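# Breakdown of the fold
Letter by letter, the chains look like this.
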Amino acid sequence: MIVLNNVHKSYITGNNSLHVLKGLDLEIGAGEFVSIMGPSGSGKSTLLNILGILDDYDEGTYSLDGKTIKGLNETQAAITRNEMIGFVFQSFNLISFKNAKENVALPLYYQKVSRKKRNLIAMEYLERFGLKEWADHLPGELSGGQKQRVAIARALISKPKVILADEPTGALDTATSFEVMEILKEVNDQGITVIIVTHEHDIAAMTRKIIRLKDGMIEETIINGELKMYREKVRTDKTFNYV
Amino acid sequence: MFNVDIWQEIFSTIKKNKLRTFLTGFSVAWGIFMLMVLLGSGNGLQNGVREEFADNAVNIMWLWTGETSIPYQGLKEGREIKFNNDDYSFLSTKAQDIDQVSSRFYLRGDITYSYGKEYGSFSTSTCHPTLMDMEKIKLTKGRFINDMDMNEFRKVIVIGDDIRKALFKEEDPMGKYIKVGSVPFKVVGVSKDPRSDNNRQAYMPFSTAQRLFNGGDRVHNFTVTTKMVKTSQEAEAIDKEVRQQLAQRHSFDPTDKRAMGSFNMLTEYIRTMKIFQAIKMFVWIIGLGTLIAGIVGVSNIMLILVKERTREIGIRKALGATPGSVIGLVLMESILITTVAGYLGLVMGVGLMEALNFGLEQMVAGGGGDQIFFRNPTVDFVTAVSATAILIFSGALAGYIPARQAAGVKPMEALRDE
């Protein structure tokens, strides 16, 4: 699904050039449930932006679902994002003056789906996440968990291949965090690739693969069985202080 | 671009910022309001002055004679120059650039008009039928002098309304005979200038007057209309040409203003209208300047709006909004604000000028219209339409820079958690 080959990315601010990604190789298959971890400055946000086609990269190749993503103009990037990728953010990023239903329906608006039809589909998704009664409420009237569920519904409505979640539980309490992770797991069970960026080990532990970044390189990839051990380690070792 | 959604989006942001939208719109409304008031006033002034010219045809020209003041071809100065009936035939048939001609013969001394016991002293204008058209004589009753009157030397007369009041009171003057001096004349018409409170003039056929009052073939002066031209230079050239021709007939220096006097209205008219064209241009410049100030205001507000909505625009872009759709959103909002506000300003401006016009018309209808130099201060349809077009265009202009800015929003920067 996602293949990154020797990807470099630098940010230039004034005379300083900051080399963030230093030849990153990464392969994520269809239907994987992956978390990306790493200390701040390790390049995980940059990686997520490149994966989400919100930013371009300098060197290397990135292919998404067999399609090489390089040097797209803004319109092409917008269309690809709309069709392939669903975003979930830490701060939900719902549009404050639109109600839950309109927020969920927004990606379909950009697909030029008729108003009636997209509101109907949006209601289906809200129902699926138990938010039917809240469809006409503005984001300000919803709890954090509800907001994130609306955001996930919005990310899913365009039937993307990949969900990119940037600290999806960062603004939520533990119970709600687990609830949201449960939803993401269900999404993943339907075959959608889910990639989350997090710094919380217990959240990362709920995914099936953890990619740890350090200084713009992949330091470690933990999968399957190892992950089980990792989970064990998180649970038992109270002094565990990885990052 | 024109669907319910985009309007809903625009209205929801407008609703969120009512005061700001109002203030922004107000600056545009004010701009267009001022433009309309200025243009209307300019038109009013122009119409008022044009009304001053309306007493006569604008291409009217008067010719009269005197004594020569410059020796010419061996002839001494101080010769008296006299027009005659031959000059009339020359002007009306052979002269270049002359359209209509009317001769005038002055009756000597005070002429008393009487009807029954009523009498009074009034002025008499002896003329050809063409004078009615040239001096824009308005009749309230009957007819003007016609060719038949001229040919048959009929003793008919058209009296001014004040003469009618003095001699006839409430009686119908039509067909009655009044005495002019000792000669009875039949009243065939009553004239009244609605813009003047002096209607003490009577008109009689030139031919009759010349014969009855021993005029021989003497003509005291001519009223003519000239070919209509566009520039004052051309009008002056006509004036010169006419002088030249008559100077040749009567052997005087064409530049001798004392030998023959002339006044050419067209030159004045063209000059005055030129001034108004300049005023109009000036008004447009000021009006557009005011409008530009309003538009800069809108642009400014839209820039702030885009800045405030950076995050929202970022979200939209992350969800697949193309730059085009973002530009459309900002541009449409800007156009909507300017168009609605501008239209309100337009309606208010036009409304004010129409109300003013109504008031003026009332004043004119109530008499005293000749004191007003300000008439029909309204803006015509074409101007209103072009102002609307300017508005929509300027709305687009005002929104363009902010829209470009919005389209350039980088989602990853807009969405960065702070």
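All values derive from a computational prediction rather than experimental measurement.

## Notes on the overall build of chain A
- Helix and strand content of chain A: eight helices and 10 strands.
- Expressed as a percentage of the 243 residues in chain A, the buried residues total 45%.
- At a minimum sequence separation of 6, the contacts of chain A that also span at least 24 residues come to 70%.

## Some details on the overall build of chain B
- For chain B, the count of helices and strands is 13 helices and 14 strands.
- Split into buried and exposed, the 418 residues of chain B put 38% on the buried side.
- Looking at chain B alone, contacts between residues at least 24 apart form 82% of all its contacts between residues at least 6 apart.

## Some points on the sheet that holds strand β14 (residues 260–264) of chain B
Residue and element names in this part refer to chain B.
- Taken together, the four strands give an open sheet; going across it, the order is β3-β13-β1-β14, and neighbouring strands pair in antiparallel fashion. Here the strands that pair on one side only, and so sit at the sheet edges, are β3 (98–104) and β14. For this sheet, the mean angle separating the axes of adjacent strands, direction not counted, is 20°.
- Note: strand β1 (residues 60–65) against strand β13 (residues 221–226), five bridges, orientation antiparallel.

## What about the pairing of strand β11 (residues 201–205) of chain B?
Residues and elements named next belong to chain B.
- For β11, a buried count of four out of five residues is recorded, marking the element as mostly surrounded by other parts of the structure.
- Pairing geometry for strand β8 (residues 156–160) and β11, over two bridges, is antiparallel. Bridge assignment links Ile 159 to a residue of β11, and that residue is Ala 202.

## What to know about the interface of chain B and chain A
- Chain B puts 19 residues into the contact, and the matching count from chain A is 21 residues.
- Of all the secondary-structure elements, those providing two or more residues to the side of chain B that touches chain A are α1 (4–16), α10 (310–318), α11 (323–365) and α13 (411–414) of chain B.
- Considered class by class, the residues forming the side of chain B that touches chain A number nine nonpolar, five polar and five charged.

## Some details on the packing of helix α8 (residues 232–250) of chain B against helix α9 (residues 265–308) of chain B
Residue and element names in this part refer to chain B.
- Axis separation between α8 and α9 bottoms out at 8 Å; the angle between their running directions is 170°. Comparing the axis directions of α8 and α9 gives the class roughly antiparallel. Listed contacts from α9 to Ser 232, Ala 235, Glu 236 and Asp 239 of α8 are Leu 266, Thr 267, Ile 270 and Arg 271.
- Per-class residue counts for the contact of α8 with α9 are three nonpolar, two polar and three charged.

## Observations regarding the confidence of the model for chain B
- Per-residue pLDDT for chain B has a mean of 86; in total, 97% of the residues score no lower than 70.
- Per the prediction output, this complex has pTM 0.67; the corresponding ipTM is 0.86.

## Quick look at the sheet that holds strand β9 (residues 209–214) of chain A
All names here are of chain A.
- Taken in spatial order, the six strands line up as β6-β7-β8-β3-β9-β10 in an open sheet, and their pairing is mixed. Because the sheet does not close on itself, it has two edges, and the strands there are β6 (85–88) and β10 (217–223). Adjacent strand axes in the sheet meet at a mean angle of 20°, parallel and antiparallel pairs treated alike.
- Each of β6 and β7 (162–166) is contacted by helix α5 (residues 144–156), which is oriented at about 170° to β6, the strand it contacts most.

## Let's talk about the environment of Met 34 of chain B
All names here are of chain B.
- Here Met 34 shows up in helix α2 (residues 18–53).
- Measuring from C-alpha to C-alpha, the distance between Met 34 and Gly 345 comes to 8.3 Å, with 311 residues separating the pair along the chain.
- For Met 34, the residues in contact, after removing those within four places along its chain, are Gly 287 and Thr 290.

## Considerations on the nonpolar core
Residue and element names in this part refer to chain B.
- By size, the foremost hydrophobic cluster in this structure holds 118 residues, and its most contacted members are Ile 32 and Met 36.
- Take this core: its biggest share by element is 12 residues, from α11.
- Leave out the neighbours within four places in its chain, and Met 36 touches Leu 346, Gly 349, Val 350, Met 353 and Val 379.
- Counting residues in each nonpolar core, the second largest holds 48 residues, with Ile 60, Met 134, Val 180 and Ile 238 among its members.

## Section: the pairing of strand β8 (residues 193–197) of chain A
Residue and element names in this part refer to chain A.
- Taking burial as the measure, the five residues of β8 include five buried ones, the bulk of the element.
- Across the two faces of β8 the burial is the same, with Thr 193, Ile 195 and Val 197 and Val 194 and Ile 196 all buried.
- Pairing between strand β3 (residues 33–37) and β8: four bridges, direction parallel. Residue pairing for β8: Ile 36 is matched across the bridge by Val 197.
- Viewed along the sheet, the connection from β7 through helix α6 (residues 174–189) into β8 turns out right-handed.

About the thresholds
Residues numbered from 1 in each chain as written. Chains lettered and ligands numbered in written order. Predicted model: local features only at pLDDT ≥ 70, side-chain atom pairs only at ≥ 80, totals over all residues. Helix = DSSP H or I, 4+ residues; strand = E, 2+ residues; numbered from the N terminus. Buried ≥ 20, exposed ≤ 12 C-beta atoms within 10 Å, placed from the backbone. Contact = placed C-beta atoms within 7 Å. Pairing = 2+ DSSP bridges. Axes fitted to C-alpha atoms, helices over the stretch in contact; angles between N-to-C directions. Nonpolar A, V, L, I, M, F, W, Y, C, P; charged D, E, K, R; others polar. Parallel < 35°, antiparallel > 145°, perpendicular 65-115°, else oblique. pLDDT = per-residue confidence, 0-100. Core = buried A, V, L, I, M, F, W, Y, C linked by C-beta atoms within 7 Å. Right-handed = clockwise from strand over helix to strand, strands pointing away.

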